[in-house]
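Fold and contact review
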Amino acid sequence: SQQGEEDPQALSIQEGENATMNCSYKTSINNLQWYRQNSGRGLVHLILIRSNEREKHSGRLRVTLDTSKKSSSLLITASRAADTASYFCATGQPGTYKYIFGTGTRLKVLA
Amino acid sequence: GAVVSQHPSWVICKSGTSVKIECRSLDFQATTMFWYRQFPKQSLMLMATSNEGSKATYEQGVEKDKFLINHASLTLSTLTVTSAHPEDSSFYICSAPLAGWDEKLFFGSGTQLSVL
């Protein structure tokens, strides 16, 4: 399977703590994106990082990309209860709009 | 921002019937749309790529005759689950890229299909 893997599968933290999720993939990519999904709903785009970038920030989100290791991480700082959701990485396949999704991390932030 | 509308949000049907799910790009044209399937607490599995004006491209293991895809216009793709069976029960999500805008994918809100 080409599907990327994320770890941890599930993460439970206290409000105010930082949450780190990791994504590993198998093929070459043109970009990597992180998405959030609340239970039973569609996905919301969080951040995109291109293959020639190493780090990107957006508000409380920080994403890193290491193409040599074929891995990415998503850091959510100062987490809030409203951050409770599933988070997926998606790798863009070169030459297409096609994306392969990772296995996801279910984050639970306790108030 | 760009909006993708998916309808219906949920559907319950009897085994053997066909169900059609619509995916519309409301404020942009989408020559390509993607259909995904998601089981509870699992990731999205790409089923097929819908191409406006041409045949869909199916991923390995996805039955073309089972999951019919039509992309008749630049704003509408439909997925028809034919002769549905209980094992087809799942969450189906469509997405469309907004060309030229960082290649983000915009997702519909998904359709929960339950086959009795």
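Scroll up for the structure.
Side note on the overall build of chain A
What chain A contains, in helices and strands, is zero helices and eleven strands. The N-to-C order of helical and strand elements in chain A reads β-β-β-β-β-β-β-β-β-β-β. Taking 111 residues into account, the globule formula puts the C-alpha radius of gyration at 13 Å, and chain A, at 13 Å, falls close to it. A principal-axis box enclosing the C-alpha atoms of chain A has dimensions of 45 × 30 × 20 Å. At a minimum sequence separation of 6, the contacts of chain A that also span at least 24 residues come to 56%. Counting only carbon and sulfur atoms, one obtains 46% of the accessible surface of chain A, whose full area is about 5300 Å². For chain A, the distance from the average position of its 14 positive side-chain charges to the average position of its 9 negative side-chain charges is 6 Å.

Some thoughts on the nonpolar core
The biggest cluster of nonpolar side chains holds 28 residues, and the ones touching the most others in it are F67 and L113 of chain B. Counting only elements with at least two residues in this core, the list comes to strand 2 (10–13), strand 3 (19–25), strand 4 (32–38), strand 5 (44–51), strand 7 (67–73), strand 8 (76–81), strand 9 (90–97) and strand 11 (111–115) of chain B. When neighbours within four sequence positions are excluded, F67 of chain B is seen to be in contact with R37, M47, Y58, V62, L79, T80, V81, D88 and Y92 of chain B. The next biggest cluster of nonpolar side chains, apart from the first, holds 20 residues, and it includes Y25, V63, L74 and I76 of chain A.

A short note on the sheet that holds strand 1 (residues 4–7) of chain B
All names here are of chain B. Read from one edge to the other, the open sheet built from four strands follows the order 1-3-8-7, with strand pairing classed as antiparallel. Pairing within the sheet leaves two strands with one partner each, and these edge strands are strand 1 and strand 7. Taken pair by pair, the neighbouring strands of this sheet meet at an average axis angle of 15°, ignoring direction. Alignment of strand 7 against strand 8, held across five bridges, turns out to be antiparallel. Bridge pairing links F67 to V81 in strand 8.

Points about the state of the cysteines
Summed over all chains, the structure comprises two disulfides over all chains. Covalent S-S linkage joins C23 of chain A and C89 of chain A, the inter-sulfur distance amounting to 2.0 Å. Measuring handedness by torsion sign, the sulfur bridge of C23 of chain A and C89 of chain A sits at about 70° and is right-handed. Taken as a pair, C23 of chain A in strand 3 (residues 19–24) and C89 of chain A in strand 9 (residues 85–92) lie far apart in primary sequence, 66 residues in all. For the residue pair C23 of chain A and C89 of chain A, the accessibility class agrees, reading buried in each case. Each disulfide pairs two cysteine sulfurs, and for C23 of chain B the partner residue is C94 of chain B, the sulfurs being separated by 2.0 Å. The sign of the 85° torsion about the S-S bond sets the C23 of chain B-C94 of chain B disulfide as right-handed. Of this pair, C23 of chain B sits in strand 3 while C94 of chain B sits in strand 9, and the two are 71 residues apart along the sequence.

Brief notes about the pairing of strand 11 of chain B
Residue and element names in this part refer to chain B. Only one face of strand 11 is buried, namely the one carrying T111, L113 and V115, since none of Q112 and S114 on the opposite face is buried. Across four bridges, the pairing between strand 2 and strand 11 is parallel. Across the sheet, residue V11 finds its bridge partner in strand 11, namely L113. Taken together, the three bridges between strand 9 and strand 11 define a ladder with antiparallel strand orientation. By the bridge assignment for strand 11, Y92 is matched with T111.

Considerations on the layout of surface pockets
The computed volume of the largest pocket comes to approximately 590 Å³. As for the largest pocket, its lining consists of 30 residues, and the residues nearest its centre are S86 and R106 of chain A together with P40, K41 and Q42 of chain B. Those elements that place two or more of their residues in the lining of the largest pocket are strand 1 (5–7), strand 9 and strand 11 (105–110) of chain A together with strand 9 of chain B. Partitioning the lining of the largest pocket into residue classes produces seven nonpolar, 17 polar and six charged.

What counts and how
- Residues numbered from 1 in each chain as written.
- Chains lettered and ligands numbered in written order.
- Predicted model: local features only at pLDDT ≥ 70, side-chain atom pairs only at ≥ 80, totals over all residues.
- Heavy atoms only, no water.
- Helix = DSSP H or I, 4+ residues; strand = E, 2+ residues; numbered from the N terminus.
- Rg over C-alpha atoms; globule rule 2.2 N^0.38 Å.
- Contact = heavy atoms within 4.5 Å.
- Areas by Shrake-Rupley, 256 points an atom, 1.4 Å probe, with all protein chains shown as cover.
- Lys, Arg positive; Asp, Glu negative; His and termini not counted.
- Charge placed at Lys NZ, Arg CZ, Asp CG, Glu CD.
- Core = buried A, V, L, I, M, F, W, Y, C linked by side-chain atoms within 4.5 Å.
- Buried < 20%, exposed > 50% of the residue type's maximum accessible area, 1.4 Å probe, protein only.
- Pairing = 2+ DSSP bridges.
- Axes fitted to C-alpha atoms, helices over the stretch in contact; angles between N-to-C directions.
- Disulfide = S-S within 2.5 Å.
- 1 Å grid on protein atoms, 1.4 Å probe; cavity = no way out; pocket = protein on both sides within 12 Å on 5 of 7 lines; lining within 4 Å.
- Points joined across faces, edges and corners; volume = space filled by probe spheres on them.
- Nonpolar A, V, L, I, M, F, W, Y, C, P; charged D, E, K, R; others polar.

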